[in-house]
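Here is what each chain is made of, one letter per residue.
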Amino acid sequence: RIINFKYKGVEYKVSVTYNFNTVKLYEYYPYSSLDVYFNYNVSEDTKQSLIKSLTPLIEGKSEADAANILLRFVQIGFEYQTDDEQFKREKPLFLEETMNYRYCDCEDRSILYSFLVKTLLHLPVVGVDYPGHVATAVKFSVDVAGDYVTYKGQKYTVCDPTYINAYIGMAMPQFKSGNLEGIIEVKN
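Here the residue index of a chain counts from 1 through its sequence in written order. Where local features are concerned, this predicted model is filtered to residues with pLDDT of at least 70; where side-chain atom pairs are given and counted, the filter is 80 or more; whole-chain, interface and lining totals use all residues. Note: side-chain values were computed over all heavy atoms of the structure, leaving out hydrogens and water.

## Some words on the environment of Tyr103
Turning to step 1, where the next piece is worked out: Counting from the N terminus, the helices are DSSP H or I runs at least four residues long and the strands are E runs at least two residues long. Secondary-structure assignment places Tyr103 in strand E4 (residues 103–104).
Turning to step 2, where the next piece is worked out: For the pair Tyr103 and Gln174, spaced 71 residues apart in sequence, the C-alpha to C-alpha distance is 23 Å.
Turning to step 3, where the next piece is worked out: Sequence-distant contacts of Tyr103, defined by excluding residues within four places in its chain, comprise Glu79, Tyr80, Gln81, Gln86 and Leu93.
Turning to step 4, where the next piece is worked out: A polar atom in the side chain of Tyr103 sits 3.5 Å from the side chain of Arg102. Contacts are assigned to residue pairs with any non-hydrogen atoms lying within 4.5 Å of each other. N or O atoms within 3.5 Å of each other form a polar contact, as long as, within protein, one can give a hydrogen and the other can take it, and as long as residues adjacent in sequence are counted only when both atoms are side-chain atoms.

## Structural notes on unusual backbone geometry
Turning to step 1, where the next piece is worked out: In this structure, Lys88 takes a positive phi of about 65° despite not being glycine.
Turning to step 2, where the next piece is worked out: Positive phi values are uncommon outside glycine, yet Lys152 reaches one of about 50°.
Turning to step 3, where the next piece is worked out: Residue placement: Lys152 occurs in the loop between strand E7 (148–151) and strand E8 (154–159).
Turning to step 4, where the next piece is worked out: Burial status follows relative accessibility: with a 1.4 Å probe on protein chains alone, a residue under 20% of its type maximum counts as buried, one over 50% as exposed, and anything between as partly exposed. Overall, Lys152 belongs to the exposed group, its relative accessible area being 63%.

Here it is as structure tokens:
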């Protein structure tokens, strides 16, 4: 699959491979808690494909700029549609499924973004479960301005892969109050 996105006036084409048999395996996977999706082992083919395609785009960049490039990749490269619209039921997607299906929603984008941050940037990341919405937040090694959540006494900057064209530190206006249903721990 070729994923196109634009960041700061530059157009990028990212080539990603995935195993369709893995997608078929997950097609009827029973609904589980979100931590299962945030913490499962991505297939080695898909993982290596993403690393190979995205590493050149972020090499030599600051953490913030690299995180913004990855954020824009997820925001722009994947079309949005709710699970009800696409599947007629709630269906969080495993990463290989996100690569396969034409559409994905907020938790799918957040699962993908969290994987990219922990794999490519080696930074701690969490899922942020707002009422009716899921985003991510990243613990940068330097202070980053903007909206954030606190997890285990540490500041995690909001990075919302569904808030189109938003940069790191920008929560959707309706979630700026910080009213959360929970934090989803992403293991490194």
